[in-house]
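Take a look at the letters that make up each chain.
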Amino acid sequence: MTLHGADGAGGADALLTVLELIARQAPPAHFEAVLDDARLAGLDGDGLVRLERAVELAERVHAGREQDARREAALTTLTDTARDLTFSYDLDSLLRVITRRARRLLGLDLVYVTLRAPHGACYVHSTEGSRVGADRAGGPRLAPGLKIVEGYGLGGAVQLHGEPVWTPDYLADERFAPSGSLDAGVHAPAFDEAAEAALRAEGVHAMMAAPLRSGDTVIGALHGADRRVRDHTPEEVGLLAALADLAALAVDKAGLLDRTRAEVSELERDSSRVRTSLTRMRHVSETHGRIMNLVLSGGDLCNVAKAAADALDATVTIRDPGGRCLAAAGDIPDLDEEAVAKASLDAHARRRPVLADDDTWVAPVIAGSEDLGGLVVRAASGLTGEDERLLELAAQAVAFLLLMRRSTAVAEGPVRDELLDDLIADPPHAPQQIAQRTRRLGVDLRKPHVLVVARPEGGEQGRAVVWASSYAYRLSGLKTVQGGCIVLLLPGIDASAAAKAVAAELSPLLGHPVSVAAAGPGWSPDGVGRMYQEAGRCLDAMSALGGTGSAASVQDLGFLGLLLSDDHDVEGFVESAIGPVLDYDAERLGVLRLRRQPHERGRGAPRPPEHRLPPAGTHRRTPRPRMAEAGPGPRSPAGAAPPAHPRGPRPGPRRRRPVPPAAPAGPHPVTKAG
């Protein structure tokens, strides 16, 4: 560039040229060229001074523009970094964005982030620009996971003061040596041999660090380092601090996200538990509804036990207050009765199910303060809280059913009592009226039934009558009270079993003996009165024979029962007494059968001529012809006296035992002809 004219004109042209270069944003070398051209053109004095001043100002303007450009680039980088932080959610990705941007923006060789652990020490979390293979000599490497002692290096200074710290040459800076001091001798930095070796392996010199703050707490530091000695400008330190703030936000964001995820997971687990609980409670409610519908529709205890067992996937037994089984769904083997009894006491005291052993539960069946029994449940897979609630509801349903039965029995008691009174009345009522009443009450006397008479031996009769009403209703029978005795008409064919069942349940309830007699079975209403008479005679005979407090039927009294019975079943009695002997006799000559036939026909019936006398030469009381047919064998010598009776001297004629006046005269006992 050439300047022409006098000094004034040349100086003005040079100044105009500088302004044109500033306008074109020319590089600083062009300004120096203008100044050189002015000197060659002979510009001196004040004109040269003014031109030098103009060039200096132009260079400042250019430097300012460059600084503005760098600041604009830094702001753009910070904005981009902040935007990128919104795209990542895990802490590793967020801090990798920070370290990568910091290294590119500040032109650093190495950038890394340290975070403070809960116990106070720090550790390297993320690095950018570290040397690969820095640990070839076997030493530590500046890599994620490297632990750093609290208070070591620039990070320790940042942790202590909470402000950015920098140094042109870290390894030569005495402030960070173990004997140095960062605050006039008050703080002596800690030394970490592993971290020191890692930094030396990286070859770092110039370093700076900025704190990561979460509120007023320093949670880590962002480190930047160069592998040469140099000073850091305030702009660089400020940018590092701004990036450290973004890193702190990233850490907070990641922590918030982790806490949010944990809370969401916990909420999901709670929601799952609530859904499961609601499902189970719905199952409990539906099962309870089914059991109650079963009770209200007339189901019995067996149906309730089966429904509860299906719902609980367990074995269920319903017991009365005395521990006797009323109904069961399945069998419970190896049951520890002592443990069950203890658990039953605890269950009634706590009014909730109690665990008896590893897999056996006892639930109380109570109504107010009244003990109605209990449920014994064996669940191999255990019971949940909802299962325990279902068990309580099942026990309530059982209590409701027992109370309903009792109430129904009490309400229907007078009507049913009147029916049984009329059935056993002498003379009996009109058969057609009896049939109509039995149909209205749901009693079918065409099916086999037995009659039981129970006489409590002492104590008040009230509890026995209440129990009898419930017992008769439970077994679909009838009950009444006659002469201080409870009379029960129950379905069945085994009178002995019915008598023993009544005694087994009533005696423990009353706490004193109960004499029970039974008769039957019968198949029509007309035979109820006869069975009542037989049971009454059986009860009187038991008392006369010293059997007070026992249970028996007419059949249990043997020959005496034959006399007390109205049908005088001689054939049945003889069959039960000497049936095997008669079978043996029938396979041979049948002498006993022939001699038994007159007694079966009756005392006054004539004998056939061929059966009136035994064959000649045959002893009147022994089947001698059978011995003759048996063939030769050990016999007495000829003319010897017959052998003595095997049981000693032959007894004389038997005297008939007098028959009790109350019993009708029966047929003669079966004897051999003589």
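The structure displayed is predicted, hence computed values, not measured ones.

1. Considering the pattern of salt bridges
- Counted according to the given criterion, the structure contains 23 salt bridges.
- Measuring nitrogen to oxygen at the nearest pair gives 3.2 Å for the salt bridge that ties E236 to R230. Side by side, E236 and R230 carry an identical accessibility label, which is buried.
- When the shortest N-O distance is used, the salt bridge between E337 and R319 registers 2.9 Å. With a gap of 18 residues between them, E337 in helix 9 (residues 337-350) and R319 in strand 7 (residues 315-319) connect regions that are remote in the sequence.
- Among the residues examined, R319 registers a relative accessible area of 14% and is labelled buried.
- Taken together, the salt bridges that share partners define one network made up of E266, R269, D270 and R273.

2. Side note on the sheet that holds strand 6 (residues 217-225)
- Here six strands make up an open sheet; going across it, the order is 3-2-1-6-5-4 and the pairing antiparallel. Two strands bound the open sheet, and with one partner strand each, they are strand 3 (147-148) and strand 4 (165-167).
- Packing of helix 7 (residues 234-296) onto the sheet brings it into contact with strand 1 (110-116), strand 4, strand 5 (207-214) and strand 6, and relative to strand 5 it is tilted by some 35°.

3. Section: the packing of aromatic side chains
- Counted according to the given criterion, the structure contains two aromatic pairs.
- Seen from their ring centres, Y170 and F176 are 5.4 Å apart, and the 45° between their planes marks the pair as tilted. Take Y170 and F176: they sit in the same class, and that class is buried.

4. Details of the confidence of the model for the protein chain
- Mean pLDDT over the protein chain: 77, with 77% of residues reaching 70 or higher.
- Within the protein chain, no element has a lower average pLDDT than helix 18 (residues 624-629), which sits at 34, and none a higher one than strand 12 (residues 449-456), at 95.
- With pLDDT under 50 throughout, residues 1-7 is counted as low confidence; its partners more than four residues away or in other chains account for 14 contacts.
- Counting contacts from residues 609-674, a segment whose pLDDT is below 50, to residues more than four positions away or on other chains yields 49 contacts.

5. Structural notes on helix 5 (residues 153-161)
- Burial in helix 5 covers these residues: G153, L154, G155, G156, A157 and V158.
- Along its buried surface, helix 5 packs onto strand 4, strand 5 and strand 6.

6. A closer look at the environment of D359
- On the secondary structure map, D359 appears in the loop between strand 9 (354-355) and strand 10 (360-367).
- In sequence terms D359 and L383 are 24 residues apart; their C-alpha atoms lie 8.4 Å from each other.
- Within the structure, the side chain of D359 is placed 3.4 Å from the side chain of T360, a separation counted as a polar contact.

7. Quick word on the nonpolar core
- V365, L375, L391 and V398 are the most contacted members of the largest nonpolar core, which totals 34 residues.
- Of all elements in the fold, only helix 7, helix 8 (301-312), strand 7, strand 8 (325-329), strand 10, strand 11 (370-378) and helix 10 (385-423) reach the threshold of two or more residues within this core.
- The leading source of residues in this core is helix 10, at ten residues.

8. Here's the deal with the sheet that holds strand 15 (residues 514-522)
- If you trace the five strands from one edge of the open sheet to the other, you get 13-14-12-15-16, paired in mixed fashion. What marks the edges here is a single partner per strand, and that holds for strand 13 (478-482) and strand 16 (551-553). Pairs of neighbouring strands in the sheet enclose a mean axial angle of 20°, with direction left out of account.
- In this structure, strand 12 lies alongside strand 14 (residues 485-491), joined through six bridges in antiparallel fashion. Bridged to V450 within strand 14 is L490.
- Running at roughly 150° to strand 15, helix 13 (residues 495-510) makes contact with strand 12, strand 14, strand 15 and strand 16 of the sheet.
- Packed onto the sheet, helix 14 (residues 527-544) meets strand 12, strand 13, strand 14, strand 15 and strand 16 and runs at close to 145° relative to strand 15.

9. A short note on the side chain of T317
- Within the secondary structure, T317 sits in strand 7.
- Taking the relative accessible area as the measure of exposure, T317 reaches 9% and is therefore buried.
- Other than its neighbours up to four places away in sequence, T317 contacts C325, A327, A328, I332, G374, L375 and V376.

What counts as what
Residues numbered from 1 in each chain as written. Predicted model: local features only at pLDDT ≥ 70, side-chain atom pairs only at ≥ 80, totals over all residues. Heavy atoms only, no water. Salt bridge = Lys/Arg side-chain N within 4 Å of Asp/Glu carboxyl O. Buried < 20%, exposed > 50% of the residue type's maximum accessible area, 1.4 Å probe, protein only. Helix = DSSP H or I, 4+ residues; strand = E, 2+ residues; numbered from the N terminus. Pairing = 2+ DSSP bridges. Contact = heavy atoms within 4.5 Å. Axes fitted to C-alpha atoms, helices over the stretch in contact; angles between N-to-C directions. Phe/Tyr/Trp six-rings, centres within 6.5 Å; stacked < 30°, edge-to-face > 60°. pLDDT = per-residue confidence, 0-100. Polar contact = N/O pair within 3.5 Å; in protein donor to acceptor, adjacent residues only side chain to side chain. Core = buried A, V, L, I, M, F, W, Y, C linked by side-chain atoms within 4.5 Å.

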